[in-house]
Amino acid sequence: RVVARDPETGLDLGFSLTTVHPGDRVFQGYFSFGMEYRNRLSLSAQGIWVELEPAFTTPSAAATLVRIVRANVRDGVAVEGADSFAVFLNAVLESIALGRESTWSEALLRDADVAKRAAAIAGGVGRDD
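Residues numbered from 1 in each chain as written. Predicted model: local features only at pLDDT ≥ 70, side-chain atom pairs only at ≥ 80, totals over all residues. Heavy atoms only, no water.

Quick question: what am I supposed to make of the sheet that holds strand 4 (residues 38-45) here?
Paired through their backbone hydrogen bonds, the strands of a sheet run either parallel or antiparallel. Read across the sheet, seven strands follow the order 1-2-3-4-5-6-7 without closing on themselves; strand pairing throughout is antiparallel. A single partner strand is all that each edge strand has here, and the edge strands are strand 1 (2-5) and strand 7 (73-79). Direction aside, the axes of adjacent strands within the sheet are offset by 10° on average. Pairing between strand 2 (residues 12-21) and strand 3 (residues 25-32): eight bridges, direction antiparallel. Note on strand 3: the bridge partner recorded for Gly 14 is Ser 32. (Pairing = 2+ DSSP bridges. Helix = DSSP H or I, 4+ residues; strand = E, 2+ residues; numbered from the N terminus. Axes fitted to C-alpha atoms, helices over the stretch in contact; angles between N-to-C directions.)

Below, the structure written as structure tokens:
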């Protein structure tokens, strides 16, 4: 569901996504540039719930807490801080240097397929057009 759109460009600035998987598993994401910047992912399954916020722009100088609830007991795991964009870029450059760049083109094609299917399933829900 698109939750924010730039009125001048029509660019989507925020969206939420919920996918339901076999075994009563639910994956949710919320991302927004138009309102307060947010990027949150959560996974719910039988007996466990996991949330990461921020998911993609974790602070490089500080640990990020992955929140976990099992059997209604709250816990968390601190994940060492890192510049996720720099880590990603370095991984891409390294794979190119090793002649393994096809890994990324295959991943981009899979991502594009998922985005296309999500848009088709959403059928314009939450959009003005």
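Got a minute to help me understand the confidence of the model for the chain in this structure?
Detailed reading of predicted coordinates is not advised where the pLDDT is low. On average, residues of the chain score 82 in pLDDT, and 93% of them are at 70 or above. Ignoring residues within four places in sequence, the model shows residues 125-129, a span with pLDDT below 50, making nine contacts including any to other chains. (pLDDT = per-residue confidence, 0-100. Contact = heavy atoms within 4.5 Å.)

Got a minute to help me understand the side chain of Ser 42 in this structure?
Secondary-structure assignment places Ser 42 in strand 4. The class of Ser 42 is buried, set by a relative accessible area of 9%. If sequence neighbours within four positions are ignored, Ser 42 has contacts with Val 26, Phe 27, Gln 28, Trp 49, Val 50 and Glu 51. (Buried < 20%, exposed > 50% of the residue type's maximum accessible area, 1.4 Å probe, protein only.)

I'm lost on a nonpolar patch on the surface in this one. Help?
Taken together, the side chains of Leu 89, Leu 93 and Ile 96 make up a nonpolar region of the molecular surface, amounting to roughly 280 Å² of accessible area. Turning to its location among the elements, Ile 96 is positioned in helix 1 (residues 84-97). (Patch = residues over 30% accessible without salt bridge, like charges linked within 9 Å, V, L, I, M, F, W, Y side chains within 5 Å. Areas by Shrake-Rupley, 256 points an atom, 1.4 Å probe, with all protein chains shown as cover. Salt bridge = Lys/Arg side-chain N within 4 Å of Asp/Glu carboxyl O.)

Can you walk me through the pattern of salt bridges in this structure?
Side chains that carry opposite charge are capable of pairing whenever their charged atoms lie near each other. One pass over the full model with this rule turns up four salt bridges. Between Glu 51 and Arg 40 there is a salt bridge; the shortest N-O distance is 3.6 Å. Taken together, the residues span a long stretch of sequence, with Glu 51 in strand 5 (residues 48-52) and Arg 40 in strand 4 at a distance of eleven residues. When its relative accessible area of 12% is taken as the criterion, Glu 51 is described as buried. Overall, Arg 40 belongs to the partly exposed group, its relative accessible area being 28%. Of the charged contacts in the structure, one is a salt bridge between Glu 51 and Arg 67, with a shortest N-O distance of 2.8 Å. Of this pair, Glu 51 sits in strand 5 while Arg 67 sits in strand 6 (residues 64-70), and the two are 16 residues apart along the sequence.

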